[in-house]
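# Survey of secondary and tertiary structure
Here's the letter readout for the chains.
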Amino acid sequence: MALVSGPGRAGALPDELQLAVEAHVKYIQSLDTRRDELEYWLTEHLRLNGLYWGVTALHLLNRPDALPRTETIDFVLSCQAENGGFGAAPGHDAHLLSTVSGIQILAMVDGYEELEKRGKVVAFEGKEYKGKEVVGRYLSGLQNKETGTFAGDEWGEEDTRFLYAGLNGLNLLGLLDLVNVDLAVDYIVSCANFDGGYGVSPGAESHSGQIFTCLAALSIAKRIDTVDKDKLGQWLSERQVEQGGLNGRPEKLEDVCYSWWVASSMTMIGRLHWIDGKKLTEFILRCQDPVGGGFADRPGDMVDVFHTCFGVAGLSLLEFEGLEEVDAV
Amino acid sequence: MGKYEGDPVWDDVVPIPQDDGEGALAAIAYTDEYAEAMGYLRAVMAAKEYSPRVLDLTEHIISMNAAHYTVWLYRASTLLALNSSIPVELEWVNNVALDNQKNYQIWHHRQILIDHLYDSMSSDPAALKSLAESEVAFMTEMFNEDSKNYHVWSYRQWVVRKLDLFDKGEIECIETLLRQDVRNNSAWSHRFFVVFSNPKYCTPGSKATEYDPKIPGEILDREIEFAKAATFEAPQNQSPWNYLRGVLKKGGRKLSSLECFAGEFVKIPEVGEEDIKSSHALDFLADVWAQKGENEKADKALTLLGDKYDRIRKNYWDWRRTSLK
């Protein structure tokens with residue numbers, strides 16, 4: 001799956017807004033055939049993440065079979081590195097984010113059995129493990145035992161995105177007990193800001209994307225009770241602008257991906273009804289290319305698979321007809 | 001023939017091509033160049049080679065694609081292994097950062113460099129001061145391009161902690177940015193961090209959302225006056241209104257202490273048309289009145305918000321009304 005943007009542009013919709021399901025499916029299917037384009041190679045470091053966004057969008061569009069299951073699993077397994085984690089493409093070093101994308105894809109296409117059969121056998125502290133256990137131990141090794149947060153790789157870059165990704169991956173594997181969840185929760189609580197939001201680290205500005213990662217991690221840890229829901233809900237609802245779309249921070253432009261980060265956050269604290277769902281739906285639909293398929297960040301811009309995934313996911317949260325229901329976490 | 005294939009410096013290296021399954025490589029010349037360089041990078045990484053030519057190679061790859069994190073990580077380990085000059089590297093990184101505003105790998109790379117530099121000069125106050133000045137100067141340059149760049153602001157918080165910059169100079173920097181754009185929420189957020197995490201007077205570990213009895217009264221007064229002045233400049237700017245609530249909470253002061261001030265923006269006469277200059281002021285007053293038990297006035301304010309001044313969030317304001325009872 002490539003992350004190449006375009007070729008289509010969003011906009012030019014008929015009067016009545018509709019979701020162009022077939023066009024979006026074809027768009028996602030076509031992405032991996034564009035290897036003669038420069039951008040395909042420049043986005044190699046995100047290949048597995050891109051595949052995840054594509055597979056997710058197809059599942060939500062009710063077309064899970066639109067990408068071949070066997071090849072998908074083969075590709076994911078070919079990205080596994082010697083230390084048990086997954087790299088973004090075959091031969092790449094393992095990274096937390098691509099590992100979690102790998103787990104998410106395997107979970108969606110029911111591929112755990114293949115992981116058990118064909119995954120790498122890796123020794124941790126002198127003992128050999130296989131399958132899910134290997135991936136789980138790779139992830140748990142990235143948790144900082146003092147602060148509770150996670151590093152992205154052996155270099156120790158830390159932020160709340162990684163913390164969420166780590167807990168999410170372990171939870172999907174059923175191996176959450178490999179890490180210290182309470183400590184992770186304490187770290188997130190320390191990222192809460194005076195305006196009700198959360199940032200990338202303690203003291204950092206509130207940002208819708210980071211709020212999503214914090215709330216999703218707290219949901220997985222079953223500790224959403226630590227959140228000031230009314231204050232955060234108000235801040236999140238203020239992200240809706242007159243045109244109906246949502247922005248990531250005050251005084252910034254709206255963007256389709258925030259339809260997901262903000263709306264799913266509001267769902268997790270039970271406050272989604274505080275924004276105007278009809279206006280948001282219309283905004284998301286204006287961001288699609290109804291002919292070539294795909295979604296852009298805002299009307300008139302170039303489409304890409306990232307915004308396609310989060311546009312469709314946003315519509316699903318808003319209970320748009322014909323879409324699979326998405327889990328906010 | 002590629003750049004590296006024909007270069008005697010690289011004669012001893014056999015590049016490792018990307019194994020992406022089927023699919024022929026690229027018609028575009030630029031793509032060939034990138035693919036070749038990556039092939040050589042894979043080969044040197046496999047051989048764990050840390051040498052000056054690796055620095056050249058990674059610089060070349062980063063010039064084509066600054067978002068590939070593996071390249072940055074390998075460059076950092078090579079720099080440290082060779083004991084290369086960090087200031088020289090920083091100067092180069094500055095230019096790359098200015099050309100790649102959205103990239104965050106650069107900022108992590110910079111942290112590794114500064115960490116390393118800090119260890120070598122931690123007992124030399126003059127050197128640390130000059131390091132702090134050059135970091136601030138560079139961030140100012142970045143903010144001239146985009147004063148809300150999230151990566152730069154996160155990095156700035158890291159630098160403030162690392163080099164202990166909770167001082168007057170930092171506050172002045174923020175004020176300069178807010179004078180340029182009073183709606184810069186990033187600058188407001190950073191100000192809160194600097195003022196209310198200052199180890200000289202704050203309770204260690206006090207959270208941003210809780211009362212801290214150790215904050216001196218004159219600091220609270222100063223912050224309130226600063227935010228008030230900004231609301232007069234742009235009444236509909238939500239940042240200073242959020243800031244005011246945050247300051248009151250930190251200082252353990254009541255919302256009602258600012259009732260008169262908020263009233264400057266809101267006139268609701270018994271008869272006739274109301275005059276509302278800021279929906280945030282109306283929201284603030286609704287909370288003040290609800291706390292004082294003046295539910296009728298609060299209800300009127302919330303109704304105005306839902307029906308007239310902030311209709312897109314009508315459901316929210318309706319919920320606030322029901323929670324008055």
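Treat the numbers as computed from the prediction; the structure is a model and nothing was measured.

When its secondary structure is counted, chain A shows 14 helices and two strands. Considering chain A as a whole, with its 329 residues, one finds that 64% of them fall into the buried category. Within chain A, contacts between residues separated by at least 24 positions form 67% of all contacts whose residues are at least 6 apart in sequence. Surface accessibility of chain A: about 12,100 Å² in total, with carbon and sulfur atoms responsible for 49%.

The next point concerns helix 1 (residues 21-30) of chain A. Listing the buried residues of helix 1 of chain A in full gives Ala23, His24, Val25, Tyr27 and Ile28 of chain A. Where helix 1 of chain A is buried, its residues touch helix 3 (47-60) and helix 14 (305-317) of chain A.

One finds Phe150, Leu167 and Tyr198 of chain A together with Leu57 and Tyr243 of chain B to be the most contacted residues of the largest nonpolar core, which totals 203 residues. Looking at which domains feed residues into this core, each of domain 1 (1-84) and domain 2 (263-325) of chain B gives three or more. Apart from residues lying up to four places away in sequence, Tyr243 of chain B is in contact with Phe194 of chain A together with Trp188, Arg191, Phe192, Val195, Phe196, Glu223 and Ala227 of chain B.

A separate point is the side chain of His190 of chain B. Residues and elements named next belong to chain B. Summarising the element assignment, His190 is placed in helix 9 (residues 185-196). By relative accessible area, His190 is classed as buried at 0%. Of the polar contacts made by the side chain of His190, one reaches the side chain of Glu170; its length is 2.7 Å. Residues contacting His190, with those up to four places away along its chain left out, are Trp153, Arg156, Gln157, Val160, Glu170 and Ile174.

Let us now look at the pattern of salt bridges. All names here are of chain A. Per the counting criterion, the structure on display carries 41 salt bridges over all chains. Residue Arg223 is joined to Asp225 by a salt bridge in which the shortest nitrogen-to-oxygen separation is 3.0 Å. Judged by relative accessible area, which is 32%, Arg223 ranks as partly exposed. Between Asp301 and Arg298 there is a salt bridge whose closest N-O contact spans 3.9 Å. With a relative accessible area of 28%, Asp301 lands in the partly exposed category.

Moving on: helix 14 of chain A. Residue and element names in this part refer to chain A. Compared with the 18 Å implied by 1.5 Å per residue over 13 residues, the 18 Å span of helix 14 between its first and last C-alpha is a close match. Burial analysis of helix 14 places twelve of its 13 residues in the buried class, the great majority of the element. Those residues of helix 14 that sit buried are Val305, His307, Thr308, Cys309, Phe310, Gly311, Val312, Ala313, Gly314, Leu315, Ser316 and Leu317. On its buried face, helix 14 is in contact with helix 1, helix 3, helix 12 (256-268) and helix 13 (277-286). The residue sitting at the N-terminus of helix 14 and contributing the capping side-chain oxygen is Asp304; that oxygen lies 2.9 Å from the backbone nitrogen of Phe306.

What follows concerns empty space enclosed by the protein. Residues and elements named next belong to chain A. What the rule picks out here adds up to three cavities of 30 Å³ or more. Counted as a void, the second largest cavity has a volume near 50 Å³. Lining the second largest cavity are Val55, Leu58, His59, Pro64, Leu67, Pro68, Arg69, Thr72 and Val109. When residues in the lining of the second largest cavity are grouped by element, the largest group, three residues, is from helix 3. Along the lines of polarity and charge, the residues of the lining of the second largest cavity split into six nonpolar, two polar and one charged.

We now examine the state of the cysteines. Working definition: the covalent bond between the sulfur atoms of two cysteines is a disulfide. Applying the stated rule across the entire model yields zero disulfides over all chains. No disulfide involves Cys214 of chain A; its sulfur sits 5.4 Å from the nearest other cysteine sulfur, which is in Cys191 of chain A. Here Cys173 of chain B stays unpaired: no disulfide links it, and the sulfur of Cys202 of chain B, its closest cysteine neighbor, is 19 Å away.

With that settled, consider the domain arrangement of chain B. Here chain B is partitioned into domain 1 (1-84) and domain 2 (263-325). Taken over C-alpha atoms, the centre of domain 1 of chain B sits 62 Å from the centre of domain 2 of chain B.

What follows deals with the environment of Arg245 of chain B. Residue and element names in this part refer to chain B. Locating Arg245 in the fold gives a position in helix 11 (residues 238-251). In this structure Arg245 comes out as buried when scored by relative accessible area, which is 17%. For the pair Arg245 and Glu49, spaced 196 residues apart in the sequence, the C-alpha separation amounts to 55 Å. If we skip the residues at most four places from it in the chain, Arg245 touches Leu255, Asp283, Phe284 and Asp287.

The description of an aromatic ring pair uses the distance of the two centres, along with the angle that the planes make with each other. The tally for this structure, following the rule as stated, stands at 34 aromatic pairs over all chains. Aromatic pair Phe194 of chain A and Phe192 of chain B: ring centres 3.9 Å apart, planes at 25°, arrangement stacked. Of this pair, Phe194 of chain A sits in the loop between helix 9 (181-189) and helix 10 (208-220) while Phe192 of chain B sits in helix 9, each in a different chain. Judged by centre distance (5.4 Å) and plane angle (90°), the rings of Tyr4 of chain B and Trp10 of chain B are edge-to-face. The pair formed by Tyr4 of chain B and Trp10 of chain B is uniform in burial state, with each residue classed as buried.

Quick notes on the rules
Residues numbered from 1 in each chain as written. Chains lettered and ligands numbered in written order. Predicted model: local features only at pLDDT ≥ 70, side-chain atom pairs only at ≥ 80, totals over all residues. Heavy atoms only, no water. Helix = DSSP H or I, 4+ residues; strand = E, 2+ residues; numbered from the N terminus. Buried < 20%, exposed > 50% of the residue type's maximum accessible area, 1.4 Å probe, protein only. Contact = heavy atoms within 4.5 Å. Areas by Shrake-Rupley, 256 points an atom, 1.4 Å probe, with all protein chains shown as cover. Core = buried A, V, L, I, M, F, W, Y, C linked by side-chain atoms within 4.5 Å. Domains from an automatic or database assignment. Polar contact = N/O pair within 3.5 Å; in protein donor to acceptor, adjacent residues only side chain to side chain. Salt bridge = Lys/Arg side-chain N within 4 Å of Asp/Glu carboxyl O. Expected span 1.5 Å × (residues − 1). 1 Å grid on protein atoms, 1.4 Å probe; cavity = no way out; pocket = protein on both sides within 12 Å on 5 of 7 lines; lining within 4 Å. Points joined across faces, edges and corners; volume = space filled by probe spheres on them. Nonpolar A, V, L, I, M, F, W, Y, C, P; charged D, E, K, R; others polar. Disulfide = S-S within 2.5 Å. Phe/Tyr/Trp six-rings, centres within 6.5 Å; stacked < 30°, edge-to-face > 60°.

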